[in-house]
Amino acid sequence: MNKAKFVMFIYALAAILSMISIGFAFSLIFMTGPKYETTGWIGVILGVIVMCGIFGMAFKTKRKFRDQGLL
């Protein structure tokens, strides 16, 4: 059970870090002007894609843990 909680904690930490990266990319867009605008939008799009991937993997893993009786 402790291993399952640790794995889910790692997924939650990864999701929080991807949300922070999205915020950083938005600040890059709006604070620097047109100099880094393209890089910022690419960062926002990639951050959203990574966040969706992390949530998808976490939900699959949680379902697997629940089926095994670990959560």
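Keep in mind that what you see is a predicted model, and the values were worked out from it rather than measured.

Here's the deal with the UniProt feature "transmembrane region" (unreviewed entry) in the protein
Turning to step 1, where the next piece is worked out: Per the UniProt entry, the sites bearing "transmembrane region" (unreviewed entry) are residues 7-29 and 41-59 in this numbering.
Turning to step 2, where the next piece is worked out: Between the end C-alpha atoms of residues 7-29 there is a gap of 34 Å, over a span that is 100% helix and 0% strand.
Turning to step 3, where the next piece is worked out: Note that residues 41-59 is 100% helix and 0% strand, and that its end C-alpha atoms are spaced 27 Å apart.

Some points on helix α1 (residues 2-32)
Turning to step 1, where the next piece is worked out: In this model α1 runs 44 Å from its N-terminal to its C-terminal C-alpha over 31 residues, within 8% of the 45 Å that 1.5 Å per residue would give.
Turning to step 2, where the next piece is worked out: Those residues of α1 that fall on the buried side of the exposure criterion are A4, Y11, A15, S18, I22, A25 and I29.
Turning to step 3, where the next piece is worked out: The inward-facing, buried residues of α1 contact α2 (37-68).
Turning to step 4, where the next piece is worked out: Directly after α1, the chain includes G33, whose backbone phi takes a positive value near 80°.

Notes on the side chain of S18
Turning to step 1, where the next piece is worked out: Following the sequence through the fold, S18 ends up in helix α1.
Turning to step 2, where the next piece is worked out: By relative accessible area, which is 6% here, S18 ends up buried.
Turning to step 3, where the next piece is worked out: In this structure the side chain of S18 is engaged in a polar contact, spanning 2.7 Å, whose partner is the backbone oxygen of A15.
Turning to step 4, where the next piece is worked out: Excluding residues within four positions of it along the chain, S18 makes contact with G47, V50, M51 and I54.

Structural notes on the side chain of T61
Turning to step 1, where the next piece is worked out: The residue T61 is located in helix α2 in this model.
Turning to step 2, where the next piece is worked out: Take T61: its relative accessible area is 15%, and that puts it in the buried class.
Turning to step 3, where the next piece is worked out: The residues touching T61, leaving out its near neighbours within four places in the chain, are V7 and Y11.

As for a positive patch on the surface
Turning to step 1, where the next piece is worked out: Where like charges cluster on the molecular surface, the positive patch consists of K60, K62, R63 and R66.
Turning to step 2, where the next piece is worked out: Structurally, R63 can be placed in helix α2.

Some remarks on a nonpolar patch on the surface
Turning to step 1, where the next piece is worked out: Taken together, the side chains of F6, F9, I10, L13, I16, L17 and I20 make up a nonpolar region of the molecular surface, amounting to roughly 700 Å² of accessible area.
Turning to step 2, where the next piece is worked out: With respect to the helices and strands, I10 occurs in helix α1.
Turning to step 3, where the next piece is worked out: Classification of I10 by relative accessible area gives partly exposed; the value is 39%.

Definitions and limits used
- Throughout this document, residue positions are counted from 1 along each chain, in the order its sequence is written.
- Where totals are concerned, whole chains, interfaces and linings use all residues; where local detail is concerned, this predicted model gives features only for residues with pLDDT of at least 70, and gives and counts side-chain atom pairs only at 80 or more.
- Think of the side-chain values as coming from all heavy atoms in the structure, minus any hydrogens and water.
- UniProt positions are given in the numbering used here, feature names are shortened, and annotations may be inferred rather than shown by experiment.
- What counts as a helix is a DSSP run of H or I of at least four residues, what counts as a strand is a run of E of at least two, and both are numbered from the N terminus.
- Multiplying one less than the number of residues by 1.5 Å gives the expected span of a helix.
- Each residue gets one of three labels from its accessible area relative to the maximum for its type: buried under 20%, exposed over 50%, partly exposed in between, using a 1.4 Å probe on protein chains only.
- Contacts between residues were defined by any pair of non-hydrogen atoms, one from each residue, lying within 4.5 Å.
- Within 3.5 Å is the distance limit for a polar contact, defined as a pair of N or O atoms, with the added protein rule that one can donate a hydrogen and the other accept it, and that residues adjacent in sequence qualify only through two side-chain atoms.
- Each patch groups residues whose relative accessible area exceeds 30% and which form no salt bridge, using 9 Å between like charges and 5 Å between nonpolar side chains of Val, Leu, Ile, Met, Phe, Trp and Tyr.
- For the accessible areas, the method is Shrake-Rupley and the probe is 1.4 Å, while residue cover comes only from the protein chains on display.
- By definition here, a salt bridge exists when the distance from a side-chain nitrogen of Lys or Arg to a carboxyl oxygen of Asp or Glu is within 4 Å.
- Note on charges: Lys and Arg go in the positive column, Asp and Glu in the negative column, and His and the chain ends are not counted at all.
- A charged residue contributes its charge at one atom only: NZ of Lys, CZ of Arg, CG of Asp or CD of Glu.

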